Amino acid sequence: MGELRGTHVPVLLERCLTLLAPALDRGDRTTVHVDATLGLGGHAEAVLRAHPRTVLVGLDRDQEALAHARARLEPFADRVHLVHAVYDELPQVLDRLGYERVDGVLFDLGVSSLQLDAPDRGFAYSRDAPLDMRMDQTRGRTAEEVVNTYEAPDLTRVLRVYGEEKFAARITASILRERARTPITSSARLAELVRDAIPAPARRTGGHPAKRTFQALRIEVNGELAALETALPAALDALAPGGRVVILSYHSLEDRITKRALAARARSTGPVDLPVELPGTGPTLRLLSRGAELPSDEEVAENPRAASVRLRAAARIEEGRGHERRWAHERQ
Ligand SMILES: C[S@@+](CC[C@H](N)C(=O)[O-])C[C@H]1O[C@@H](n2cnc3c(N)ncnc32)[C@H](O)[C@@H]1O
């Protein structure tokens with residue numbers, strides 16, 4: 001296992017720390033922070049350093065990432081629990097560890113630099129590798145199986161919906177022609193097929209022509225959106241009053257799910273014409289970000305992986321403060 005720390009700069013690190021601090025600093029009380037996407041442990045290490053009374057529960061579905069994070073977080077081993085799990089398993093993980101409520105939760109979605117840069121994982125269109133793309137290499141279907149076995153309508157739907165790819169049908173046709181001849185097994189061959197399927201003028205805009213197809217296949221292989229749809233409400237349920245959640249999304253589909261999950265709990269579910277909330281109908285979240293926050297130009301210049309990030313954050317409203325009739329927005 002090589003030294004990877006220097007290759008990965010945690011995205012929007014200072015902003016995440018500022019947002020989480022009020023939830024994790026509770027005087028003498030020990031607080032619990034969940035890093036649902038531990039990766040190489042960059043955000044987790046900074047949280048542990050900043051909050052000596054915080055216990056970390058770190059999840060990742062990628063065992064290689066967990067091994068790197070474990071080595072990195074060794075100095076904090078007495079207050080760290082690292083778990084190989086998909087983040088929608090959070091309730092079971094917390095139950096096993098005996099934590100009923102948590103104070104902080106961070107989701108830094110998507111792939112890690114470890115996964116993107118690995119020569120053998122197949123996530124990157126820019127390097128040749130077997131078409132795997134599983135974040136958890138111990139289970140599930142690979143991208144090679146998706147590309148070589150899906151029926152045309154299913155493949156087109158995956159590319160159109162998860163990749164927001166206008167030329168989905170053309171790319172599918174090209175994949176089907178190729179696989180009738182010989183199976184598609186490498187990321188370089190797939191990238192080439194996609195590039196050739198896209199009309200020349202369109203190739204010149206919007207980054208690498210295969211970017212959207214690779215994103216779509218990764219989302220499909222890892223069931224990413226379904227896991228997020230389940231995991232976010234579960235994480236919000238686990239937050240203690242005053243607890244905070246921060247979510248970093250990297251494409252519009254993730255950000256849309258995040259926005260909806262937070263908005264649903266930041267508004268009243270009671271009748272609109274009543275001046276006061278009925279018990280149990282008030283908002284349970286206060287939004288800490290007005291819309292999605294974007295990275296600064298300086299951050300993107302220093303860390304190109306931050307370019308597409310959208311940050312949203314919210315705080316669980318203290319019990320008994322849900323009676324005011326308002327949308328709660330606060331920037332801090
Ligand atoms: C962008 S990286 C996180 C980087 C991390 N914040 C850091 O500072 O090193 C995202 C990580 O989340 C993991 N991941 C993605 N989806 C997941 C899921 N559904 N359940 C658990 N882990 C997931 C990936 O394996 C990857 O290691």
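Within each chain, residues carry numbers counting from 1 in the order of the written sequence. Two thresholds apply to this predicted model, a pLDDT of at least 70 for residue-level local features and 80 or more for giving and counting side-chain atom pairs, whereas whole-chain, interface and lining totals are computed over all residues.

As for the packing of helix 7 (residues 152–163) against helix 11 (residues 211–222)
- To obtain each axis, a line is fitted to C-alpha atoms, and for helices this fit is confined to the stretch in contact; angles are then taken between N-to-C directions over 0 to 180 degrees. The secondary structure listing takes helices from DSSP runs of H or I that are at least 4 residues long and strands from runs of E that are at least 2 residues long, numbered from the N terminus. Their axes nearest at 8 Å, the elements helix 7 and helix 11 cross at an angle of 100 degrees. Here helix 7 is positioned roughly perpendicular relative to helix 11, judged by the angle of their axes. Touching Val158, Leu159, Tyr162 and Gly163 of helix 7 are Arg212, Thr213, Gln215, Ala216, Ile219 and Glu220, all from helix 11.
- As a working rule, the residues Ala, Val, Leu, Ile, Met, Phe, Trp, Tyr, Cys and Pro are called nonpolar, Asp, Glu, Lys and Arg charged, and the rest polar, with Gly in that last group. Here the contact of helix 7 with helix 11 is built from residues that sort into five nonpolar, three polar and two charged. Angle categories are assigned with fixed cut-offs, so that under 35 degrees is roughly parallel, over 145 is roughly antiparallel, 65 to 115 is roughly perpendicular, and the rest are oblique. Any two residues are considered in contact once their C-beta atoms, placed from the backbone, lie within 7 Å.

Notes on the site of the ligand
- Near the ligand there are 20 residues, and of these Thr37, Gly39, Gly42, Asp62 and Asp108 occur at the shortest range.
- Among the secondary structure elements, those contributing two or more residues to the shell around the ligand are helix 2 (42–50) and strand 2 (54–60).
- Tallied by class, the residues present in the shell around the ligand amount to eight nonpolar, eight polar and four charged. Near, as applied to residues and a molecule or strand, means the residue's backbone-placed C-beta atom lies within 6 Å of it.

With respect to the nonpolar core
- Definition of nonpolar core: a set of buried Ala, Val, Leu, Ile, Met, Phe, Trp, Tyr and Cys residues joined via C-beta atoms within 7 Å. Buried residues are those with 20 or more other C-beta atoms within 10 Å of their own C-beta, exposed residues have 12 or fewer, and partly exposed residues lie in between; C-beta atoms are placed from the backbone. Core analysis: the largest hydrophobic core is formed by 58 residues, its most contacted members being Ala36, Leu90, Val105, Ala235 and Val246.
- Discounting chain neighbours no more than four positions away, the residues touching valine 246 are Cys16, Leu19, Leu20, Leu106, Leu311 and Ala313.
- By size, the runner-up hydrophobic cluster in this structure holds 27 residues, among which are Phe167, Ala168, Leu190 and Leu217.

Re the domain arrangement of the protein chain
- Domain ranges listed in this record stem from an automatic or a database domain assignment. Per the domain assignment, the segments making up the protein chain are domain 1 (5–108 + 224–316) and domain 2 (120–222).
- Distance between the C-alpha centres of domain 1 and domain 2: 30 Å.
- Between domain 1 and domain 2, the contact holds seven residues from the first and seven residues from the second.

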